[in-house]
Amino acid sequence: MDANVHANDPRKHVNEEPRNDLMDLMNGFGGMALLMTLIFAVMVIIKFIISG
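What you are looking at is a predicted structure, and each value in this text was computed from that prediction instead of being measured.

K.L.:
Quick rundown of the overall build of the protein chain? Include the residues and the values.
P.N.:
A count of helical and extended segments in the protein chain gives one helix and zero strands. Total accessible area computed for the protein chain in this model is approximately 5,500 Å², and 67% of it derives from carbon and sulfur atoms.

Next up, the structure:
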(Lines give C-alpha, C1' and ligand atoms only; values in the text may rest on other atoms or scores of the structure.)
Protein backbone atom coordinates (compact mmCIF):
# COMPACT_ATOMS: atom_id res chain seq x y z
CA MET A 1 0.00 0.00 0.00
CA ASP A 2 1.70 3.21 -1.21
CA ALA A 3 0.04 6.18 0.51
CA ASN A 4 2.39 8.93 -0.76
CA VAL A 5 1.77 8.52 -4.46
CA HIS A 6 1.41 12.27 -5.06
CA ALA A 7 4.16 13.45 -2.68
CA ASN A 8 6.34 16.28 -3.99
CA ASP A 9 10.01 15.61 -4.45
CA PRO A 10 11.91 18.08 -2.20
CA ARG A 11 14.81 18.16 -4.68
CA LYS A 12 12.49 19.88 -7.17
CA HIS A 13 11.66 22.69 -4.73
CA VAL A 14 12.38 26.19 -6.01
CA ASN A 15 12.70 28.93 -3.41
CA GLU A 16 10.30 31.45 -4.94
CA GLU A 17 10.77 34.06 -2.22
CA PRO A 18 14.26 34.06 -0.70
CA ARG A 19 14.38 35.58 2.77
CA ASN A 20 17.13 36.85 5.01
CA ASP A 21 16.52 34.82 8.16
CA LEU A 22 19.13 36.66 10.23
CA MET A 23 17.56 40.05 9.51
CA ASP A 24 14.10 38.65 10.27
CA LEU A 25 15.41 37.39 13.60
CA MET A 26 17.12 40.69 14.40
CA ASN A 27 14.03 42.69 13.48
CA GLY A 28 11.84 40.48 15.65
CA PHE A 29 14.22 40.64 18.60
CA GLY A 30 14.65 44.41 18.27
CA GLY A 31 10.92 44.98 17.90
CA MET A 32 10.11 42.92 20.98
CA ALA A 33 12.85 44.66 23.00
CA LEU A 34 11.49 48.06 21.92
CA LEU A 35 7.95 47.07 22.83
CA MET A 36 8.98 45.77 26.26
CA THR A 37 11.05 48.93 26.92
CA LEU A 38 8.07 51.09 25.98
CA ILE A 39 5.73 49.12 28.25
CA PHE A 40 8.27 49.35 31.10
CA ALA A 41 8.63 53.13 30.68
CA VAL A 42 4.84 53.64 30.63
CA MET A 43 4.45 51.52 33.78
CA VAL A 44 7.17 53.51 35.59
CA ILE A 45 5.47 56.78 34.64
CA ILE A 46 2.10 55.46 35.82
CA LYS A 47 3.67 54.32 39.12
CA PHE A 48 5.14 57.79 39.75
CA ILE A 49 1.81 59.46 38.92
CA ILE A 50 -0.16 57.15 41.24
CA SER A 51 2.31 57.30 44.15
CA GLY A 52 2.99 61.01 43.87
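There is more to say, and it comes next.
K.L.:
Explain a nonpolar patch on the surface to me, and be specific about the residues and the numbers.
P.N.:
Judged by side-chain polarity, Met32, Leu35, Met36, Leu38, Ile39, Val42, Met43, Ile46 and Ile50 come together as a nonpolar surface patch covering roughly 870 Å² of accessible area. Locating Met36 in the fold gives a position in helix α1 (residues 21–51). Taking relative accessible area as the criterion, Met36 reaches 47% and is therefore assigned partly exposed.

K.L.:
An account of the packing of aromatic side chains is requested, with residue identities and associated values reported.
P.N.:
All chains considered together, the criterion is met by zero aromatic pairs. If you follow Lys47 out to its NZ or CZ, it ends over the ring of Phe48, 5.9 Å from the centre.

So, how was this worked out
Residues numbered from 1 in each chain as written. Predicted model: local features only at pLDDT ≥ 70, side-chain atom pairs only at ≥ 80, totals over all residues. Heavy atoms only, no water. Helix = DSSP H or I, 4+ residues; strand = E, 2+ residues; numbered from the N terminus. Areas by Shrake-Rupley, 256 points an atom, 1.4 Å probe, with all protein chains shown as cover. Patch = residues over 30% accessible without salt bridge, like charges linked within 9 Å, V, L, I, M, F, W, Y side chains within 5 Å. Salt bridge = Lys/Arg side-chain N within 4 Å of Asp/Glu carboxyl O. Buried < 20%, exposed > 50% of the residue type's maximum accessible area, 1.4 Å probe, protein only. Phe/Tyr/Trp six-rings, centres within 6.5 Å; stacked < 30°, edge-to-face > 60°. Lys NZ or Arg CZ within 6 Å of the ring centre and 35° of its normal.

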